[in-house]
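Summary of structural features
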Amino acid sequence: MGEPDGAGAAAWWSTPLGQLLAGLGSGAQGLSPAAAAERLRAGGPNSLVEERRHGWERQLLAQFASPLVLILLFGALVSLALRDWVEAAIILAIVAGSAVLGFVQEFRASRAVAELQGRIALTVRVRRGGEVLAVPARELVPGDVVVLAAGNLVPADGRVLEARDFLVSEAALTGESFPVEKQAGEVAAGAPLAQRTNSVFLGTSVRSGTATVVIARTGRDTAYGAIAARLGAQAPQTEFARGIHQFGYLLVRVMIVMVVFVMAVNQWLGRPVLESLLFAVALAVGLSPELLPAIMSVTLSRGARDMARRGVIVRRLEAIENLGSMDVLCTDKTGTLTAGLVALEAALDADGRPSGEARRLAHLNAAFETGIENPLDAAIIEAGRRDGITTAGWRKVDEIPYDFLRRRLTIVAASEGSADTHLMITKGAFDTVLAACGSVERDGAARPLDDAARAELGRRYRAMGEAGLRVIALARREVPARGRYDRADERDMVFAGFLSFADPPKPDAPDTLRALADLGVRIKVITGDNRYVAGHIAGVIGLDHGTMLTGEQIAAMRDESLWRLAEDTALFVEVDPQQKERIIRALQHRGHAVGYLGDGINDAPALHCADVGISVQGAVDVARESADVIILRHDLAVLRRGIEDGRHTFANTLKYIKITISANFGNMVSMALATPLLPFLPLAAKQILLNNFLSDLPSVAISTDRVDRGELAASQRWDVGEVRRFMVVFGLISTVFDLFTFFLLLRVFGADEATFQTAWFVVSLLTELAVVFVLRTRGPALAGRASTLLAVSTLAVIAAALAVPWTGSFAAAFGFVPLPAGMLAASVGVVLAYLAATEFAKRRFYRPRR
């Protein structure tokens, strides 16, 4: 990999440590709070993205950056150049009104999302003023001394001051898939990033061990920041974003065809160029739901707030759609299907009898362990506290930390009465601990561990697992005293016994699984636990434990075989982190939208590749930051409500798009067809813009609307093809009634230009507004009740539409005139007939296909 640092960057990784600390104005105890605050003010936050001040000003200006708004502003400039002051003022007023409406909604939405994001912001343990404090990662500054442990994300670039079995995953920077050991020392100034073994870098994560690190570079000055700046890297688009872009391309194609057709016809009929141009521009703008960004922001942020109240925090708004589209959820069993309240059930010797010695050894191992925090150690320590077991008389010498290949952890301890020997205590997965043993302790003596003894221990282990107990093994070895130990010392150990833990299934787990099944979400358990306890739990809660794959079986499979078997397998056991990722990709290959719920270091690859990564608030950093969604309680019932909220939010977003685009499309086609047939324009440009603005006002309330139960009962995906069919079918129904209205106004009532435009303005606006009540639900319109806010706002604008012709100077400015009573009654009759026809067409449109 090439050098990521800027050409002028000092080689801080090669500077003598004392000199580096002096240059940073720091020391082993870090900075004072006052010094850190001053550096934060001077250097800015530890962020890859520049945090702009006066964000609301940029957000307001962004409302005018839309191509549609720029087209309108161009039209206003043309009107000003020709001294048509009224036309220009009306266009500018409508543009300003739309911009302010969009800004207010988006600003409120962004504030709400920022508040939610703050609740799950990454924090780091930092030494300041002689204390270790939890500080937001964005507030780190050069010179801070941070304490890192397994599961932490590295928050910035820095030098290692001291480390203990400190392994860091640098795949994000170097592509190296295996963790790299880091330790204090110096490397050459010209060493490439992958060889800087004395330094850690932003974007990497701690796999095992502990370390203290002095921060040398933050934010965009880091190696990761330099790479991101050069590449201009952006996160890949979600399916939701891709759908919005495809929808935009559809609109552009329709706009181009319509504008060219209208301009050509008007020129052929010899109409004024300016009038024709403004009409064509208004027609194009009228087709577009220009409040779509604001509506999307409002709907998604409202969904995010509702989900947060129910215990689900969304880190990226687009993930709401992904959560709603999920049809397979992969999860570990601990804390989701089980209570997550792990308790030490028993400490047994090799013969299965209660053993105080096994309990004491387990306590020493758990109490001295400093790597990955886990519920098993917490349960051992709690049981030891109740039994009066302490570490008095012992001191820790060394630690060989847990990793996911060995699946065991060793503590080396020394007793006060023995200066020449040390005691190695190992606990971990049964098979890996047994593999490190050469003998077994029986009746106070070490016996050879032959095949018969191994088989007997295996049967005992299996029996406890089938009883629903989680079991790990314990081993010990006395060794001559020395300063450091490593993995090679885990050999010739004495098998000392079993530790069994109880974590019973949640009482409501079966009901929760059935509720998820009702939502079309299948549960698959992916766990590193042994097959016996996982099978027992699955059987109790109602999962099909007859379909089980082990990590050993998966390792021997080709991808094609896994694609086929993963579909029908509910239980994956004894798997490693890479296999979790393989399982998820196999399910995705079969066309599933896959969610993954995890909270450990080994879950990060799976969280990253899943369609929606889900973690919990108390998860390790690397898991939480890899996730799209955070649930505040380790509870599938909370997640079920989150899935429903996600589907509700997506359904309302799509509802706005489909209703608005179909109504606008119908009106625009009607005007395009009427242009060559009428002696005047069916609507003036300013009337089209007013129509579009007023019809969009109630749409802000769509985020509050109710959603059909059927739309919550199945996963949802963005389907531009269905949007296009919806637009054409219901748009053309509108066009048919528009053309009938034209005939009625011209042939029956003999309307002049002003009366015609006024009447059709009222009809087209009423149809756009009233059809919301029909198309907001797939069921009968009268059976589904709209939300109060949507109903009230829509009815208010309907009343305003009927009153517009009688508003005096306002009506005159737009060219409206009062309507005869008969014509107004006929217009209302047309609207009612249109609603009845739309209701009939809707039932056929959503009729199940055979």
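These numbers were taken from a predicted model, which means no experiment stands behind them. (Residues numbered from 1 in each chain as written. Predicted model: local features only at pLDDT ≥ 70, side-chain atom pairs only at ≥ 80, totals over all residues. Heavy atoms only, no water.)

**Comments concerning the overall build of the protein**
How we decide: Numbering of helices and strands runs from the N terminus, with a helix taken as a DSSP run of H or I at least four residues long and a strand as a DSSP run of E at least two residues long. By definition, residues are in contact when any of their heavy atoms lie within 4.5 Å. Using the Shrake-Rupley algorithm and a 1.4 Å probe, accessible areas are obtained, with residue cover drawn only from the displayed protein chains.
Of regular secondary structure, the protein possesses 30 helices and 23 strands. Long-range contacts, defined as pairs at least 24 residues apart, comprise 75% of the intrachain contacts of the protein with a sequence gap of at least 6. Working note: accessible area of the protein is about 35,800 Å², and carbon and sulfur atoms make up 57% of it.

**Quick look at the packing of aromatic side chains**
Worth spelling out the cut-off: What counts as a ring pair is set by centres within 6.5 Å for rings of Phe, Tyr and Trp (its six-membered ring), and what kind of pair is set by the plane angle: stacked under 30 degrees, edge-to-face over 60, tilted for all other angles. The buried label applies to any residue whose accessible area, calculated with a 1.4 Å probe on protein chains only, is under 20% of its type's maximum; exposed applies above 50%, and partly exposed to all values in between.
Per the stated rule, a full pass over the model turns up 18 aromatic pairs. Residues phenylalanine 430 and tyrosine 461 carry aromatic rings whose centres are separated by 4.4 Å and whose planes lie at 10° to one another, so their mutual orientation is stacked. Taken as a pair, phenylalanine 430 in helix α14 (residues 430-435) and tyrosine 461 in helix α15 (residues 451-466) lie far apart in primary sequence, 31 residues in all. A relative accessible area of 11% places tyrosine 461 in the buried class. The interplanar angle of 65° and the centroid separation of 5.0 Å between the aromatic rings of phenylalanine 742 and tryptophan 760 together place this pair among those described as edge-to-face. One end of the pair, phenylalanine 742, is in helix α26 (residues 720-748); the other, tryptophan 760, is in helix α27 (residues 753-775), with 18 residues separating them in the sequence. Each member of the pair, phenylalanine 742 together with tryptophan 760, is buried. In textbook terms, an aromatic cluster arises when at least three aromatic residues are bridged by ring pairs, as seen for Phe430, Tyr461, Phe495, Phe498 and Tyr532.

**Examining the packing of helix α24 (residues 685-696) against α27**
We count it as follows: Whenever a helix is involved, its axis is fitted only over the stretch in contact; in every case the axis is a line through C-alpha atoms, and angles between N-to-C directions fall within 0 to 180 degrees. Here the angle decides the label: under 35 degrees means roughly parallel, over 145 means roughly antiparallel, 65 to 115 means roughly perpendicular, and every other value means oblique. For any pair of crossing helices, the crossing counts as left-handed if the nearer helix is rotated counterclockwise from the farther one by less than a right angle, and right-handed if it is rotated clockwise.
Axis separation between α24 and α27 bottoms out at 10 Å; the angle between their running directions is 25°. In terms of orientation, α24 and α27 fall into the roughly parallel class. Pair α24 / α27 crosses with right-handed handedness. Here α24 contributes Gln687, Leu690, Asn691, Leu694 and Ser695 to the contact with α27, which in turn contributes Gln757, Phe761, Ser764, Leu765, Glu768 and Leu769.

**Considerations on the environment of proline 605**
Within the secondary structure, proline 605 sits in helix α21 (residues 604-609). Look at proline 605 and you get partly exposed, because its relative accessible area is 24%.

**Structural notes on the pairing of strand β2 (residues 131-136)**
Our working definition: Should DSSP find at least two bridges between two strands, the strands are regarded as paired.
Where strand β1 (residues 123-128) lies against β2, six bridges are found, and the strand directions are antiparallel. Its bridge partner lying in β2, valine 124 is registered against valine 135. Counting the residues in the hairpin turn of β1 and β2 gives two residues, including glycine 129, whose phi is positive at 60°.

**Quick notes on unusual backbone geometry**
Here the phi dihedral of arginine 407 falls at roughly 55°; this positive angle occurs in a residue that is not glycine. Considering the arrangement of structural elements, one finds arginine 407 in the loop between β11 (394-400) and β12 (408-415). In this structure, glutamate 574 is a non-glycine residue whose phi angle is positive, near 55°. On the basis of relative accessible area, glutamate 574 is assigned to the partly exposed category, the value being 25%.

**Considerations on α24**
Filter applied, for reference: Between the first and last residue of a helix there are one fewer steps than residues, each counted as 1.5 Å, and that sum is the expected span.
With 12 residues, α24 should reach 16 Å at 1.5 Å per residue; the first-to-last C-alpha distance of 17 Å fits that figure. Every buried residue of α24 is listed here: Ala685, Lys686, Gln687, Ile688, Leu689, Leu690, Asn691, Asn692, Phe693, Leu694, Ser695 and Asp696.

**Quick notes on the sheet that holds strand β9 (residues 328-331)**
Taken in spatial order, the eight strands line up as β8-β23-β22-β21-β9-β18-β20-β19 in an open sheet, and their pairing is mixed. Of all the strands in the sheet, just β8 (312-314) and β19 (548-550) have a single pairing partner and so form its edges. Within this sheet the neighbouring strands show an average axis-to-axis angle of 20°, counted without direction. Contacting β9, β18 (522-526), β20 (571-573) and β21 (594-597), helix α20 (residues 577-589) runs over the sheet at an angle of about 155° to β21.

**Some details on the packing of α26 against α27**
Short version of the rule: Polarity classes work like this: nonpolar for Ala, Val, Leu, Ile, Met, Phe, Trp, Tyr, Cys and Pro, charged for Asp, Glu, Lys and Arg, and polar for all others, with Gly in that last group.
Look at α26 against α27: their axes get within 11 Å of each other, and the N-to-C directions meet at 150°. When the axes of α26 and α27 are compared, the crossing they make is right-handed. The residues of α27 that touch α26, namely those facing Phe726, Phe730, Asp738, Thr741, Phe742, Leu745 and Leu746, are Phe756, Ala759, Trp760, Val763 and Leu775. Residues belonging to the contact of α26 with α27 are distributed by class as follows: 10 nonpolar, one polar and one charged.

**Remarks on the side chain of glutamate 644**
Topologically, glutamate 644 is positioned in helix α23 (residues 636-674). Sequence-distant contacts of glutamate 644, that is, excluding residues within four places in its chain, are made with Leu519, Arg709 and Leu712.

**Some details on the pattern of salt bridges**
The condition is simple: Salt bridges are identified by distance alone: a Lys or Arg side-chain nitrogen within 4 Å of an Asp or Glu carboxyl oxygen.
For the coordinates displayed, the defined rule picks out 37 salt bridges. Here glutamate 399 ties to lysine 396 by a salt bridge, and the two come within 2.5 Å at their closest N and O atoms. Classification of glutamate 399 by relative accessible area gives buried; the value is 2%. Here arginine 522 makes a salt bridge to glutamate 567, at a shortest N to O gap of 3.3 Å. Note that arginine 522 is positioned in strand β18 and glutamate 567 in helix α19 (residues 559-568), a separation of 45 residues in sequence. On the basis of relative accessible area, arginine 522 is assigned to the partly exposed category, the value being 35%. A network of salt bridges, in which partner residues are shared, links Asp349, Asp351, Arg353, Arg442, Asp443, Glu456 and Arg460.

**Digging into a nonpolar patch on the surface**
Selection rule: Each patch is built from residues that are more than 30% exposed by relative accessible area and take part in no salt bridge. Like charges join if they lie within 9 Å; nonpolar side chains (Val, Leu, Ile, Met, Phe, Trp, Tyr) join within 5 Å.
Residues Leu77, Leu80, Trp85 and Leu92 make up a contiguous nonpolar surface patch of about 390 Å² in total accessible area. Secondary structure elements with two or more residues in the nonpolar patch: α4 (67-81) and α5 (85-119). Assignment of secondary structure puts leucine 92 in helix α5. On the basis of relative accessibility, which here comes to 37%, the residue leucine 92 falls in the partly exposed class.

**A word on α27**
Between its first and last C-alpha, α27 extends 32 Å over 23 residues, near the 33 Å set by a 1.5 Å rise per residue. Most of α27 sits inside the fold, with 20 of its 23 residues counted as buried.

**Overview of the confidence of the model for the protein**
Selection criterion: pLDDT gives the predictor's per-residue confidence on a scale running from 0 to 100.
Confidence in the prediction for the protein averages 82 pLDDT; 84% of positions are at 70 or higher. Every residue in residues 230-236 is under pLDDT 50, and counting partners more than four places away or in other chains gives three contacts.

**Some remarks on the nonpolar core**
So the rule is basically this: Each nonpolar core is a collection of buried residues, namely Ala, Val, Leu, Ile, Met, Phe, Trp, Tyr and Cys, held together in the definition by side-chain atoms within 4.5 Å.
Residues Leu329 and Ile614 are the most contacted members of the largest nonpolar core, which totals 78 residues. Those residues within four positions of isoleucine 614 in sequence are excluded, and the remaining contacts are Leu323, Met326, Leu329, Tyr596, Leu597, Gly598, Leu607, Ala627, Val629, Ile631 and Leu639. Residues Leu678, Ala751, Ala801 and Leu819 belong to the second largest nonpolar core, which totals 70 residues.

**Observations regarding the side chain of serine 662**
The test is simple: Any pair of nitrogen or oxygen atoms within 3.5 Å is treated as a polar contact; in protein, a donor-acceptor pairing is required on top of that, and neighbouring residues in sequence qualify only through side-chain atoms on both sides.
For serine 662, the position within the fold is in helix α23. Reaching out from serine 662, the side chain makes a polar contact with the backbone oxygen of lysine 658 at a distance of 2.9 Å. With sequence-adjacent residues up to four places away left out, serine 662 is seen in contact with Phe726, Met727, Phe730, Gly731 and Leu775.

**Looking at the state of the cysteines**
Put simply, the rule reads: Working definition: a disulfide is two cysteine sulfur atoms within 2.5 Å of each other.
Following the criterion strictly, the structure yields zero disulfides and no others. Considering cysteine sulfurs only, cysteine 609 is the nearest to cysteine 330, which forms no disulfide, with 9.2 Å between them.

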